[in-house]
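Residue-level listing of the chains:
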Amino acid sequence: MEITKVAIVGLGTVGTGVARLLLEHGDRFTRHAGRTLWLEKAVVSDLKKPRDVELPKGVLTDKLSDVTGNPEIKAVVQLIGGLEPDRTIMLKLLESGKDVITANKALLAEHGPELFDRARELGRSIAFEASVAGGIPIVAAIGQCLSSNEIRSLHGILNGTCNFIVSQMDHHGASYDDALREAQRRGYAEADPTMDVDGSDAAQKLSILAHLAFGARVHWRDIPREGIQNLQAADLKFARELGFRIKLLAVAQLVGDQLELHVAPQLVRLGSPLADVRDAYNAVRVVGDAVGKVWFHGLGAGQMPTASAVVADLIDTVVGRTAITFRTLELWSQRPARVAPRDFGMAESRFYLRFDVDDHPGVLSEITGILGRHGISIASVIQHEPTAGAGDAVPLVIMTHVTQQGAADKAVAEIDKLNSVRGRSVRIRVHE
Ligand code: HSE
């Protein structure tokens with residue numbers, strides 16, 4: 001039986017999961033890869049750190065040169081995270097003749113063109129299934145299995161941390177801070193969870209999927225995004241009353257010949273598949289012109305789901321499948337974008353609006369007057385009797401008919417300036 005030597009650079013949570021799979025399930029890989037995958041080296045920065053996996057003697061090293069200088073190692077799983085030194089290490093690995101497997105979406109979203117060009121020049125490949133939606137094989141699905149389609153739209157719950165936090169708040173009445181702490185304890189969140197909760201992580205993943213699915217060349221920072229940091233229990237409660245849940249959605253959809261892209265909390269109908277995605281689960285709905293609607297659901301974060309995708313990429317790489325798709329897809333190449341981004345101000349949606357208002361005569365008509373002047377039609381209004389001790393401010397919830405994002409933004413900014421409106425109002429898109 002042929003033996004292919006492989007290495008891991010970075011033995012954190014996911015790296016440890018990958019090592020475990022390789023060491024404990026060798027037979028499985030022999031069957032799929034037609035050869036033995038031999039873990040030759042695992043590069044770490046601290047040799048003394050206790051590990052959750054027992055590595056054979058001689059595998060652990062703190063020298064990258066043990067990998068780059070060993071021509072018998074063909075493929076390397078690189079799981080460090082962050083931008084530097086990950087970028088430099090990936091270049092060194094490629095330049096020393098290794099094919100690379102990564103889960104680092106931030107690195108691809110930031111330096112994809114440079115890294116992919118270099119890999120192409122060197123005749124090497126980069127596999128990145130685990131960079132989006134953890135264990136869900138969405139990269140392979142879009143890049144290969146659905147390639148007979150023109151993809152029309154893609155809606156994703158792509159950040160497990162956000163989905164976990166919102167689920168804890170919605171289903172268990174947890175506070176935002178407690179839910180975030182629990183997500184960190186379970187290893188879903190990034191080391192610095194800011195990019196999880198402010199929508200950046202989902203935007204990075206969306207930029208990768210939009211690139212694959214639509215040939216879009218949009219930098220993740222240019223994707224309009226909002227996170228869940230300001231989500232309040234009151235909005236989850238009103239949403240339920242209206243027949244919805246709130247989810248952080250990443251959306252890419254063709255409108256004519258332009259691509260609408262955004263990441264934001266949205267109301268999704270109770271009972272719909274997206275509303276039922278709970279805890280750290282991710283989901284992606286893809287609509288293709290031939291296949292119709294296809295759903296993907298699974299764990300988008302965590303040790304073994306992410307390791308599952310990484311090792312599958314490793315198998316594809318050593319048997320040569322990755323090299324073929326890598327060449328034909330020409331990802332992040334100098335080719336011009338196939339689709340232009342659409343101005344987000346024109347993106348249409350219904351909106352959920354919540355204003356904390358003085359319970360005085362004429363306030364409702366002031367607000368509806370501004371909405372009317374911006375051409376926004378009201379579908380329903382909820383205002384409950386003030387509760388004892390709440391002072392004379394009451395929440396006023398308005399559901400609109402379909403309007404444009406730009407009109408909703410302008411109207412809400414104008415309403416926020418009214419003396420009768422307290423604090424900043426809430427405006428959330430409704431996914432129908
Ligand atoms: N921190 C990410 C999430 C997992 O919560 O989904 C890795 O992308």
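Above: the structure in question.
Residues numbered from 1 in each chain as written. Predicted model: local features only at pLDDT ≥ 70, side-chain atom pairs only at ≥ 80, totals over all residues. Heavy atoms only, no water.

Got a minute to help me understand the side chain of S349 in this structure?
Mapped onto the elements of the fold, S349 is located in strand 13 (residues 348–358). Look at S349 and you get buried, because its relative accessible area is 5%. Of note is the side chain of S349, whose polar atom sits 3.2 Å from the backbone nitrogen of V430. In contact with S349, other than residues within four places in its own chain, are H401, V402, T403, R429 and V430. (Helix = DSSP H or I, 4+ residues; strand = E, 2+ residues; numbered from the N terminus. Buried < 20%, exposed > 50% of the residue type's maximum accessible area, 1.4 Å probe, protein only. Polar contact = N/O pair within 3.5 Å; in protein donor to acceptor, adjacent residues only side chain to side chain. Contact = heavy atoms within 4.5 Å.)

Even after reading the chapter, I still don't get the pattern of salt bridges, so can you show me in this structure?
Should the charged atoms of two oppositely charged side chains come close, the side chains can pair. Summed over all chains, the structure comprises 31 salt bridges. A salt bridge links R429 to E260; the shortest N-O distance between them is 3.9 Å. Of this pair, R429 sits in strand 17 (residues 421–431) while E260 sits in strand 9 (residues 258–269), placing them 169 residues apart in sequence. Take E260: its relative accessible area is 3%, and that puts it in the buried class. Put simply, E432 and R269 hold a salt bridge, and the shortest N to O gap is 3.7 Å. Residue E432 is located in the segment after strand 17, and its partner R269 is located in strand 9; the two are separated by 163 residues in the primary sequence. Given a relative accessible area of 38%, R269 falls into the partly exposed group. The network of salt bridges with common partners includes K5, E40 and E72. (Salt bridge = Lys/Arg side-chain N within 4 Å of Asp/Glu carboxyl O.)

Explanation requested: the pairing of strand 2 (residues 36–43) in the structure shown.
The side chains of a regular strand alternate between the sheet's two faces. Along strand 2, 6 of the 8 residues are buried, which leaves the element largely enclosed by surrounding structure. Where strand 1 (residues 3–9) meets strand 2, 7 bridges bridge the pair, whose relative direction is parallel. When the sheet's bridge partners are listed, K5 is paired in strand 2 with W38. Pairing of strand 2 with strand 3 (residues 60–61) involves 2 bridges; the strand directions are parallel. In the strand pairing of strand 3, V43 is matched with T61. (Pairing = 2+ DSSP bridges.)

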